[in-house]
Amino acid sequence: MSALESFWTNIVSDLQSFGLQFYENIIAHNRWNLFVNGFKNTILITLGAAILGIVLGCLVAICKVSVANQKKALGHCHPLLRILNVICDIYLTIIRGTPMMVQLLIAAFVIFVTVPFDKMIYVAMLAFGINSGAYVAEIIRAGIQAVNIGQTEAGRSLGLTQAQTMRMIVLPQAVRNILPALVNEAIVLLKETAIVGYIAVRDITYVSTLIRSRTFSAIPLLFIACVYLLVVLFMTYLLRRLERRLAKSDRR
Amino acid sequence: MIDVRDLHKHFGEVKALNGVTEVVQQGEKVVIVGPSGCGKSTFLRCLNLLERPTAGEIWFEGTNITDKNCNINKLRQRIGMVFQQFNLFPHKTVRQNITMAPLALKLMSNEEANDRASQLLTRIGLLDKADAYPAQLSGGQQQRIAIVRALAMNPDVMLFDEPTSALDPEMVGEVLEVMRELAEDGMTMVVVTHEMGFAREVATRCLFMDSGQVLEEAPPGDFFSRPQNPRLQDFLSKVL
């Protein structure tokens, strides 16, 4: 047998054994189903948290921007708004000042300790949504405040109200600053959900750990790394298309 | 038409306006000059409450606009303003820039607003740019459009805040030309500018401001040939 032949034989047998191992770890014994369900949970948590995060983030951003506007125009702001502003500040400080993991554990084992384990996925959604909201709020606030103040002044000087100026002039321009950063935040969120196994939610990472504890193989981990990567690549692709479309409306 | 009584505006410790009392009559073209930081822009921006005065009153067509209960949005519809940086809306076409406010405030029907926009654009020779976006236009074109955007509201008075200061020199003329025509049509105008030629030619009255006060006011002839205040003499010797 020549050296070349034995080289090929080795590669083929390696590939065969990899194929077998892959089948054993990912497909066989209903494991494929586990992965599919885990993937479904990962995506569900990400989507639920993203929606909740955007809603929360918008509310907080509106509050912060209104306070800044009122302070600038009148030198003070409405007492109710001031209370809301303090609540928003506390929310932002706590969420951004503590680890996501700790927030998740507190949500599951302190606040929602009575929730049965099969409903824990909703607790995860809530925890990630509340966490994401703090970051989304800053993205939206920065996006709105990055629009030149002259735009607001031009709108107001034409007799438009504060709300009309916001809706027709500032927000359409702010969206361009906000959207790419928002997709970025969604990517971060997706990757962060990998810790939900700590509260016994069966996401894709948790499933890989379950299988690994049976097979002691590296393949489940490598497999889910590829799955995360693929999803992130897909989102990056969407982000790039989005950015191109937004740039098109620059029309220079 | 505009009656300003003892106007003060403080930014923290800085006193940008320090007791300004002025009356602008219908049809007057008042040009305000002065060194930078003298409060002239602040004064202009107080006239439509883009800056809220610290003390004093502003009466516009018989209404005290500094009163807390005054509907400033309603009044701003009758006070046009043109900015140094044009401030056209970049995400809207030229035509949409002009028709946006009249439509949003339900002052005109779609058709009326479009006709008015076409008519105004024809007047400044830019009808062919109606569907262009601001970023595609030169500074001079943008500023002329900013002027007609304000005119589309049929204002009673026009405020100009250094309308040519951000322009390349060769574009200053076209903008001043539009303002000159506007003046000839009898529009009441308050203009903050460094264009002394324009002031001399178009103004019915010139004001010199420094450290938040009006130090001298006179018709342009006297203002430029026989300045009384030493600071105005000094200022003119530097800019003329």
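Residues numbered from 1 in each chain as written. Chains lettered and ligands numbered in written order. Predicted model: local features only at pLDDT ≥ 70, side-chain atom pairs only at ≥ 80, totals over all residues. Heavy atoms only, no water.

Draft legend 1. Highlighting the overall build of chain A. Broken down by element type, chain A carries 9 helices and 0 strands. Mapped in sequence order, the helices and strands of chain A form the string α-α-α-α-α-α-α-α-α. The globule rule puts the C-alpha radius of gyration for 252 residues at 18 Å, and the 24 Å found for chain A is more than 25% above it. Structurally, chain A occupies a C-alpha span of about 90 × 55 × 25 Å along its principal axes. At a minimum sequence separation of 6, the contacts of chain A that also span at least 24 residues come to 75%. Only carbon and sulfur atoms are counted for the fraction: they give 68% of the accessible area of chain A, which is about 14300 Å². (Helix = DSSP H or I, 4+ residues; strand = E, 2+ residues; numbered from the N terminus. Rg over C-alpha atoms; globule rule 2.2 N^0.38 Å. Contact = heavy atoms within 4.5 Å. Areas by Shrake-Rupley, 256 points an atom, 1.4 Å probe, with all protein chains shown as cover.)

Draft legend 2. How the structure looks around the interface of chain A and chain B. Contacts between chain A and chain B engage 21 residues on the former and 26 residues on the latter. Surface buried jointly by chain A and chain B totals about 2100 Å² across both partners, of which 59% is contributed by carbon and sulfur atoms. Linking chain A with chain B are 1 salt bridge, by the criterion used here. Residue A:E153 pairs with B:R45 through a salt bridge whose shortest N-O separation is 2.6 Å. Between the two partners, chain A and chain B, sit 6 residue pairs in polar contact (both at pLDDT 80 or more). Elements that contribute at least two residues to the side of chain A that touches chain B include exactly α2 (31–74), α6 (149–157) and α7 (162–192) of chain A. (Buried area = accessible area lost by both parts, 1.4 Å probe. Salt bridge = Lys/Arg side-chain N within 4 Å of Asp/Glu carboxyl O. Polar contact = N/O pair within 3.5 Å; in protein donor to acceptor, adjacent residues only side chain to side chain.)

Draft legend 3. Broad picture of the pairing of strand β10 (residues 213–218) of chain B. For strand β9 (residues 205–210) of chain B and β10(B), the ladder comprises 5 bridges, and the chain directions are antiparallel. When the sheet's bridge partners are listed, B:M209 is paired in β10(B) with B:V214. (Pairing = 2+ DSSP bridges.)

Draft legend 4. Main features of the environment of B:N48. Residue position: B:N48 is located in the loop between α1 (40–47) and β4 (55–60). A relative accessible area of 0% means that B:N48 is categorised as buried. With 104 residues separating them along the chain, B:N48 and B:A152 place their C-alpha atoms 17 Å apart. Apart from the residues within four sequence positions on either side, B:N48 is in contact with A:S157, B:I72, B:R76, B:I79, B:M81 and B:L159. (Buried < 20%, exposed > 50% of the residue type's maximum accessible area, 1.4 Å probe, protein only.)

Draft legend 5. A look at empty space enclosed by the protein. Residue and element names in this part refer to chain B. Under the definition given, this model contains 1 cavity of 30 Å³ or more. Counted as a void, the largest cavity has a volume near 30 Å³. Forming the walls of the largest cavity are E22, V24, V30, I32, F43, L47, V190, R205 and L207. Elements supplying a minimum of two residues to the lining of the largest cavity: β2 (14–24), β3 (29–33), α1 and β9. A per-class count over the lining of the largest cavity returns 7 nonpolar, no polar and 2 charged. (1 Å grid on protein atoms, 1.4 Å probe; cavity = no way out; pocket = protein on both sides within 12 Å on 5 of 7 lines; lining within 4 Å. Points joined across faces, edges and corners; volume = space filled by probe spheres on them. Nonpolar A, V, L, I, M, F, W, Y, C, P; charged D, E, K, R; others polar.)

Draft legend 6. Geometry of helix α9 (residues 230–239) of chain B. All names here are of chain B. Of the positions making up α9, those classed as buried are L232, F235 and L236. Take α9 and look down its axis: the buried residues cluster within an arc of 95 degrees, on one side only. α9 presents P230, S237 and K238 as exposed residues on the side facing more than 90 degrees away from its buried surface. Contacts made by the buried residues of α9 are with β3, α7 (196–202), β9, β10 and α8 (220–225). At the N-terminal end of α9, a side-chain oxygen is found 2.7 Å from the backbone nitrogen of R231, two or three residues along, and the residue is N229. (Arc of directions from axis to C-beta.)

Draft legend 7. Representation of the layout of surface pockets in the model. All names here are of chain A. Estimated volume of the largest pocket: approximately 1500 Å³. Together, 50 residues line the largest pocket, and N69, Q70, A73, R156 and Q162 are the ones closest to its centre. No other element matches the 13 residues that α2 contributes to the lining of the largest pocket. Residue classes in the lining of the largest pocket are distributed as 27 nonpolar, 13 polar and 10 charged.

Draft legend 8. Focus on a nonpolar patch on the surface. Residues and elements named next belong to chain A. A surface patch of nonpolar side chains, amounting to about 570 Å² of accessible area, comprises V102, I106, F109, V110, I111 and F117. Of note, F117 is situated in the loop between α4 (100–111) and α5 (120–145). Taking relative accessible area as the criterion, F117 reaches 55% and is therefore assigned exposed. (Patch = residues over 30% accessible without salt bridge, like charges linked within 9 Å, V, L, I, M, F, W, Y side chains within 5 Å.)

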